[in-house]
Amino acid sequence: MHVGKHRLLEETDIRNMVYLQAIVKETLRLYPPEPVIGLRAAIEDCTLSTGYRIPFGTQLMVNAWKIQRDERVWPEPHDFQPERFLTTNKDMDFQGQTFELIPFGSGRRSCPGVSLALKMLHFILGSFLHSFKVATLSELEDVDMTESPGLTNPKATPLEVLIPHSVIIVMYLWLSHLSMIQPE
Ligand code: HEM
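Residues numbered from 1 in each chain as written. Predicted model: local features only at pLDDT ≥ 70, side-chain atom pairs only at ≥ 80, totals over all residues.

A closer look at the overall build of the chain
Stage number 1. If you tally the helices and strands in the chain, you get four helices and six strands.
Stage number 2. Across the chain, helices and strands are ordered from the amino to the carboxyl terminus as α-β-β-β-β-α-α-β-β-α.
Stage number 3. Within the chain, the fraction of its 184 residues that count as buried is 13%.
Stage number 4. Taking as baseline every contact in the chain between residues at least 6 positions apart, the subset at least 24 positions apart corresponds to 54%. (Helix = DSSP H or I, 4+ residues; strand = E, 2+ residues; numbered from the N terminus. Buried ≥ 20, exposed ≤ 12 C-beta atoms within 10 Å, placed from the backbone. Contact = placed C-beta atoms within 7 Å.)

And the structure:
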């Protein structure tokens, strides 16, 4: 236990919360918000290992969604298994040099917001799970994770979760504490 029940999560706790970091990585692997990364042009003729010849100047789009579900890299590629980032795929990060995991793109036009995005994702998700009980409407059914087609990757159906009534009051206080809701 890194935080316990008697205080809120702090930013400095995140570095010890390796499973939380693995959950964020696994979510961005399976559901990259930008599944097909924008236009690039080949700067020279090249031939891929698969035999495809790409002539100079060809416009390319990178299918990150597909790359991140490649079964040669990711065992059981369609399953949500955060543990893989603590074991088989533990050296993979978002720096853009691990081309099997590129939710933020790679190279000099990769996402400049990666550091802020990860700080926010870790802190908000960690604080939420630490402070609230969350349940699905039916404990018997998995959440429907169907995706919508498009340049971004929204959920096809709304996410419906239960936050017990008494907890909603605590949630309001918690959000006020973070200045996300300003009391009138
Ligand atoms: C989970 C959150 C985010 C994801 C998955 C994400 C992903 C991406 C991707 C895939 C690209 C295109 C990279 C490429 O073409 O190689 C991109 C570009 C960009 N992102 Fe993000 N991003 C996120 C959050 C943010 C945040 C928080 C900011 C700013 C505060 C930001 C600012 C930008 C900008 C300005 C570009 C364009 C960079 C350029 O064209 O040179 N992003 N992002």
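With respect to the nonpolar core
Stage number 1. I37, A64, F94, L101, I102 and F104 form the largest nonpolar core, which has six residues in total.
Stage number 2. Here A64 is in contact with P32, P35, V36, I37, I102 and P103, once residues within four sequence places are set aside. (Core = buried A, V, L, I, M, F, W, Y, C linked by C-beta atoms within 7 Å.)

What about the site of the ligand?
Stage number 1. The full set close to the ligand counts 15 residues, and E34, G105, C111, G113 and A117 are the nearest of them.
Stage number 2. Of all elements in the fold, only β1 (36–41) and α3 (114–131) reach the threshold of two or more residues within the shell around the ligand.
Stage number 3. Broken down by class, the residue content of the shell around the ligand amounts to eight nonpolar, five polar and two charged. (Near = placed C-beta within 6 Å. Nonpolar A, V, L, I, M, F, W, Y, C, P; charged D, E, K, R; others polar.)

Concerning unusual backbone geometry
Stage number 1. Even without glycine at this site, E76 takes up a positive phi of about 45°.
Stage number 2. Following the sequence through the fold, E76 ends up in the loop between α2 (64–67) and α3.

Regarding the UniProt feature "binding site: heme" (unreviewed entry) in the chain
Stage number 1. Per the UniProt record, "binding site: heme" (unreviewed entry) is found at C111.
Stage number 2. Looking at the secondary structure, you find C111 in the loop between α2 and α3.
Stage number 3. For C111, a count of 18 C-beta atoms within 10 Å gives the class partly exposed.
Stage number 4. Aside from chain neighbours lying at most four places away, what touches C111 is F104 and G105. (UniProt positions renumbered as here; feature names shortened; annotations may be inferred.)

A closer look at helix α1 (residues 18–30)
Stage number 1. In this model, α1 (13 residues) spans 18 Å end to end at C-alpha, consistent with the 18 Å of a helix rising 1.5 Å per residue.
Stage number 2. Among all positions in α1, only L20, Q21, I23, K25, E26, L28, R29 and L30 are buried.
Stage number 3. Contact partners of the buried residues in α1: α3. (Expected span 1.5 Å × (residues − 1).)

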